[in-house]
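# Fold and geometry: a report
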Amino acid sequence: MNALYLAFAHLRWNWARSLVLILVGALILAVPMISEILLRGSEDALTRRAESTPQVIGARGSQLDLVMDALYFSEDRATPITMAASESVWDSGLGLPIPLYTAFDTHGARIVGTTLDYFEFRQLAVLQGRLFAVLGEAVIGSALAERLGVGVGDTLVSSPQNLFDLDGVYPLEMSIAGVLAPSGTADDHVLFTDVKTSWVIAGIGHGHEDVISAEEAEQGNVAANAALLQFNRITDANIDSFHFHGSAESYPVSAVIVAPYDTRSATILRGRYLDADNPLQLVLPDDIIADLVDRIFRIATLLDAVTLIIGVAAAAAMGLSLFLSWRLRAEEMATAWRLGAGRGSVFALAGAEILIILCAAICVATLIVLSVRTSSEALLNWLLAL
Amino acid sequence: MMRRSLIASVLLMGFSLLQAAGTALAQERPRIATVNYPLAYFAERLGGGQIEVLFDVPEDRDPAFWRPGLSAITAIQTAELIALNGAGFANWTTKVSLPRSRLVDTSAGFSDDYIATQSLTHSHGADGEHSHTGTAAYTWLDFKQAAAQADALATAIKRRLPGVENIDANLQALNADLASLDQLAADAAVALQENTLIATHPRYQYFARAYGLNIDALDWDAGEAPTDAQWADLARRVEERGAKLLLWETAPSAEAKARAAELGLTSIVFPPLANRPTQGDFLSGMKVVLQDLSDAGK
C-alpha cells in the first residue's frame, strides 16, 4: 500500500513523463483493437449490403468502381449508361430494375436519383414526412439531415457541376418531403430524389414560360432564345410546364440494381451480359466485395505484423524510459537502502509504478476503443464513401 | 323508456361493428389505381369484389388532363397495382413518383400501332431544335385494343396479386363483351361507310382506324358554346366533305344541336367514357353510342 502511495506520488510529481508513458501504452494496446474493429466492421458493412444486392448493371470497365458507386455512392462515379439498360430488364420480365443516377451533389452529399422501388428494396423507413411524390421533391438520409440541420419542408439546392457551363446544368431547388429513419448504411448520408428530378438537374427535363400563344402554335416552327426563363424550382404552379426531351430510353443513369424474380431469371440475366463486346456488364456485388474483403484482409495481415513490430518497439522504448528514470533515481534508492528499506521494497516501488502506468493505459485504451466502437458506423460509412 | 334506449344502444353498437368490419374488409382488399374509367371498369370486372379500384377523378374533369393532389398521389403510390393507359394518356404520371414494380402500361403491347398527332417544333438556347410529338390517347375506342389492354391488366393482376381468384374466367367474360362491342362497331361502320363524320374534338382516331371510318376532327372545347368562327369553319368542312353526322363528346345544348341541324348535320353524342359515366357503365354506354351510330347510318 505504501509502495503504491509512493509510486503514485512520484508519477504525479513527474506528471508530463507519466502522461506520455500512459498515452503510449494506451495506443500500443488500442491500435490493434481499433484496426480489428474497423476491419471487421467494414467487412460486415460491405458484405451485408453486397449480399442484399443481387446484381448490378453498368458500363463495362472497373467492376469495383461500379459496385462502390451503386452500393456505397463512393466519390468515384461510374461511367453513365442509358435508361435503356433498365428498360430491357423490365421488358425481359426476369427481374425488377432499379435505376440509380448519382451524378450530382448538394452540400457535399450525393444526390441519388432513383425510383420508389429502391426504398422497398432496401427496406428504408420514413421517420418524418413521406416519400417524394412529385418532381422537385426529395427524401433526405438521417445523418445528412442532422449534419445540415434540415428537415421536412426545408429546401436544398443541387450544386452546379461546372461554373463555366452556363448552358448546361441548372441548380435545382428541391424541397424535402421526408427524412429517412437511420439505417446504418450509406443511405443515411445522401439525398434521394426521383430519377426524373435528377434528369431535370441534368437539363434533360425543364420547365419554362410559354414559348408561344395558342394562335402562334398553329404556325408550326417556333424558336425561343436563351433569354427564355427556365424555372429552377418546381412548384404546383409551374409543374405542368416541365417536360423532357428525347426518348426516355436515352436518358442517363449511373447503374441499375437488378432484383431477379428467381434463380433461373438471375442465371438468364447473367448470360445476357457475358459478351465482351456488350458495352454493358452485369456484376454480382457479393463476388466483387468478397474479393475486395479478401484483399483487405491480406493487407490487414501485413498491417498486423507492422503493428506488432511498432508495438514491440514502442514497448521497448517505454521500458528504456522507465529503466533510465530508475538510473536517475539511483541516489534516491541508495538513501532508502541506508534508511533500512530492503531490496524487496525497492522492487515493490518499481512494480507499483509499472502497475499504475499499465492500469491507466488500459483505462485510456478502453475509452479510445469504446469511442471508436460507438462511432464506428459513421466512421465506416465515411471511409467506404471515399 | 329505458328499454327503448337500451335497444337503441345495442343497434348503434351493432351498426358500428358492421361499419368497422366493412372498413376493415375494404382495407384488406388489394387496391388497383387506374388513370381512366375504361381501365377502372376492366379492373372491376376482372377482380369482382376481391379488389378495390382507385379512380377518383372528379366527374367534371377529363382524366387525360387532370392532375391529382398530393394526398391522391400518396394513395396511388400505395396501391398494389397502378394501371396506366399508355399512349401519353394522363401526362401527370410523368411528373409524379410511382413505384415501377407496381406499374402496368396496358397499351405497351401495341405501342407500335399508336397514332401520332400533330407536333410542334421549337428550340430554346443552344439545345437545338426539338419537337413534342403528340400521340392519340383514346386507345380503347378500338375494342380489339381495349381487349388487349384488359389482357395486359389481367396478366399484371395475376403476377402482382396472386390471391385474386377467377381472373381467367372474368377475363373471358370481359373479352366476350368487348368482342360484342367490336362487332357492333363493325356493323355500325358498314352502315356509315359512305359518310364522312365530323367530331367536335379529336378523340376518335383509333375508332376511325379500326372500323375504316373517315372522321374529320375539330378542336372545340367540350361543354362550351362554339363561336361563330367555329360554326363558319364547320360549315366550310360540311360543304367540302359532304358530312352528315356530327359527333359530340358531351350532349350539346338545344341551340347548338339546332344550328348543326341547319347545316344538315345529325348530332350524335359519343362520350369516349374516359371518365366514369353518371349512368350505366362502359359496356352499356358504348352499346348506346354504337346503336345510335348504326341507326344514323341507315
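On a predicted model such as this, the values are computed, not experimentally measured, just so you know. (Residues numbered from 1 in each chain as written. Chains lettered and ligands numbered in written order. Predicted model: local features only at pLDDT ≥ 70, side-chain atom pairs only at ≥ 80, totals over all residues.)

## Brief notes about unusual backbone geometry
Despite not being glycine, A:H107 has its phi angle at roughly 50°, a positive value. Residue A:H107 is classed as partly exposed on the basis of its 14 C-beta neighbours within 10 Å. Within the chain, B:A90 stands out as a residue other than glycine whose phi angle is a positive 60°. With 23 C-beta atoms counted inside 10 Å, the residue B:A90 sits in the buried group. (Buried ≥ 20, exposed ≤ 12 C-beta atoms within 10 Å, placed from the backbone.)

## Some details on the nonpolar core
A:A138, A:L191, A:A255, B:A43, B:A83 and B:L153 are the most contacted members of the largest nonpolar core, which totals 151 residues. Core analysis: the next-biggest nonpolar cluster, separate from the first, contains seven residues, A:I22, A:M318, A:A361 and A:A365 among them. (Core = buried A, V, L, I, M, F, W, Y, C linked by C-beta atoms within 7 Å.)

## Some remarks on helix 9 (residues 282-297) of chain B
All names here are of chain B. The end-to-end C-alpha distance of helix 9, which contains 16 residues, comes to 23 Å, matching closely the 22 Å that a straight helix rising 1.5 Å per residue would cover. Burial in helix 9 covers these residues: F282, M286, V289, L290 and L293. Each buried residue of helix 9 lies within a common arc of 95° when the element is viewed along its axis, so the set occupies one face. Seen from the buried face of helix 9, the exposed residues on the opposite side, beyond 90 degrees, are S284 and D295. Contact partners of the buried residues in helix 9: helix 2 (37-47), helix 5 (167-192) and strand 10 (266-269). (Helix = DSSP H or I, 4+ residues; strand = E, 2+ residues; numbered from the N terminus. Expected span 1.5 Å × (residues − 1). Arc of directions from axis to C-beta. Contact = placed C-beta atoms within 7 Å.)

## Topic: the sheet that holds strand 2 (residues 52-54) of chain B
Residue and element names in this part refer to chain B. Taken in spatial order, the four strands make up an open sheet running 2-1-3-4, and their pairing is parallel. Both outer strands of the open sheet, strand 2 and strand 4 (103-105), are each paired with one neighbouring strand and no more. Taking each pair of neighbouring strands and ignoring which way they run, the sheet shows an average axis angle of 25°. Where strand 1 (residues 31-34) meets strand 3 (residues 81-84), three bridges bridge the pair, whose relative direction is parallel. Its bridge partner lying in strand 3, A33 is registered against I82. (Pairing = 2+ DSSP bridges. Axes fitted to C-alpha atoms, helices over the stretch in contact; angles between N-to-C directions.)

## Some words on the packing of helix 2 (residues 15-51) of chain A against helix 12 (residues 343-374) of chain A
A pair of packed helices is captured by two measures, namely the crossing angle of their axes and the spacing between those axes. Residues and elements named next belong to chain A. As a packed pair, helix 2 and helix 12 sit with axes 7 Å apart at the nearest point and diverge in direction by 40°. In terms of orientation, helix 2 and helix 12 fall into the oblique class. The element helix 2 and its partner helix 12 pack so that their crossing is right-handed. Residues S18, L21, I22, L23, G25, A26, L29, A30, M33, I34 and I37 of helix 2 pack against I357, L358, A360, A361, I362, V364, A365, I368, V369, V372 and R373 of helix 12. Broken down by class, the residue content of the contact of helix 2 with helix 12 amounts to 19 nonpolar, two polar and one charged. (Parallel < 35°, antiparallel > 145°, perpendicular 65-115°, else oblique. Left-handed = near helix turned anticlockwise from the far one by under 90°. Nonpolar A, V, L, I, M, F, W, Y, C, P; charged D, E, K, R; others polar.)

## Let's talk about the domain arrangement of chain A
All names here are of chain A. Each assigned domain of chain A is listed here: domain 1 (2-45 + 293-385) and domain 2 (55-283). Each side of the interface is counted separately: domain 1 has five residues, and domain 2 has nine residues. Its residues assigned to classes, the side of domain 1 that touches domain 2 shows three nonpolar, one polar and one charged. (Domains from an automatic or database assignment.)

## A short note on the domain arrangement of chain B
Residue and element names in this part refer to chain B. On domain assignment, one finds that chain B holds domain 1 (26-175) and domain 2 (181-297). The C-alpha-based centres of domain 1 and domain 2 are spaced at 25 Å. In this assembly, 21 residues from domain 1 lie in contact with 18 residues from domain 2. Of all the secondary-structure elements, those providing two or more residues to the side of domain 1 that touches domain 2 are helix 2 and helix 4 (143-160). The greatest single-element share of the side of domain 1 that touches domain 2, amounting to four residues, is contributed by helix 2.

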